[in-house]
Amino acid sequence: MIKIELVPAIDIIDGKCVRLTKGDYDQKTVYRDSPAEVAKEFEDLGFKRLHVVDLDGAKSKHIVNSEVLRQITTATHLTVDFGGGIKTDDDIQQAFDAGASMVTVGSVAVTCPDLFEGWLQRYGAERMILGADVRNGRISINGWKEDSDESLLPFLEKYVRMGVKNVLCTEISKDGTLSGPAIELYKQVMAAYPALHLIASGGVSSQADIEALSEAGIPSVVFGKAIYEGRIDLKELIANNEK
């Protein structure tokens, strides 16, 4: 039996549904031309949540695919969280105007903590997800192109004190590799901050990986490549998660 929040992912480049390996834009696979159609299929299967990443936005340092986001939120009733390229007040407002229920913000929390804190106060903790993308123990920023000096747990502590409730933690070395999730890393985070709504991301290759995250007490999981590569029977996964 599984009991974990299941969040399929759609990553967007040039308006299409893609996946990268370890965040490398040179290791890109295009899976579908219409992200909105993919989102509708997820909804029809019974998913309630969706994680959307504007990879063009992450690279360009401003939102690029807001119209694709609008198409997804218009076509479905999914609770969509959106990230990638949210750097300014205009970017975050653009995401919410296009129908995002929540936004995932990572780089700004490292480079402009006062701006992030202002958004947290203005929009509320329920609509904000802190993106904590980790490589070699450090928080990575700007589409994973740079590593900051911030270590994971102290970085999280600062924002938990500010009221952050939702954290999306991606182990970059695992992302898109289908090599299994960084369960020990997530256990450390949950041990330090047991009340956190931690969303694990990176490396999921099978239903067994999701079961292992559930057994480890991780509240939520984002997964994408395992879906597009046909590694997971989504109907069976949802049925097992509802038992």
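Cut-off values and rules
Residues numbered from 1 in each chain as written. Predicted model: local features only at pLDDT ≥ 70, side-chain atom pairs only at ≥ 80, totals over all residues. Heavy atoms only, no water. Buried < 20%, exposed > 50% of the residue type's maximum accessible area, 1.4 Å probe, protein only. Helix = DSSP H or I, 4+ residues; strand = E, 2+ residues; numbered from the N terminus. Arc of directions from axis to C-beta. Core = buried A, V, L, I, M, F, W, Y, C linked by side-chain atoms within 4.5 Å. Contact = heavy atoms within 4.5 Å. Polar contact = N/O pair within 3.5 Å; in protein donor to acceptor, adjacent residues only side chain to side chain.

Caption draft 1: Spatial organisation of helix α1 (residues 35-45). Inspection of α1 places P35, A36, V38, A39, F42 and E43 among the buried residues, and these make up the whole buried set. Buried residues in α1, looked at end-on, bunch into an arc of 160°, giving them a common side. Where α1 ends, the next residue or the one after it, G46, has phi of about 120°, a positive value.

Caption draft 2: How the structure looks around the nonpolar core. In terms of nonpolar packing, the biggest core is built from 74 residues, with I210 and F223 touching the most fellow members. Considering each element in turn, this core owes the most residues, five residues, to helix α8 (residues 183-192). If near-sequence neighbours (up to four positions away) are discounted, I210 is found in contact with I2, I4, L6, V204, V221, F223, I232 and L237.

Caption draft 3: Representation of helix α11 (residues 234-241). Where α11 is concerned, the buried positions are L234, L237, I238, N240 and N241. One side of α11 holds all its buried residues, which, seen down the axis, span an arc of 165°. On its buried face, α11 sits against β1 (5-13), α1, α9 (207-215), β12 (220-223) and α10 (225-228). For α11, the capping residue at the N-terminal end is D233, with a side-chain oxygen 3.2 Å from the backbone nitrogen of K235.

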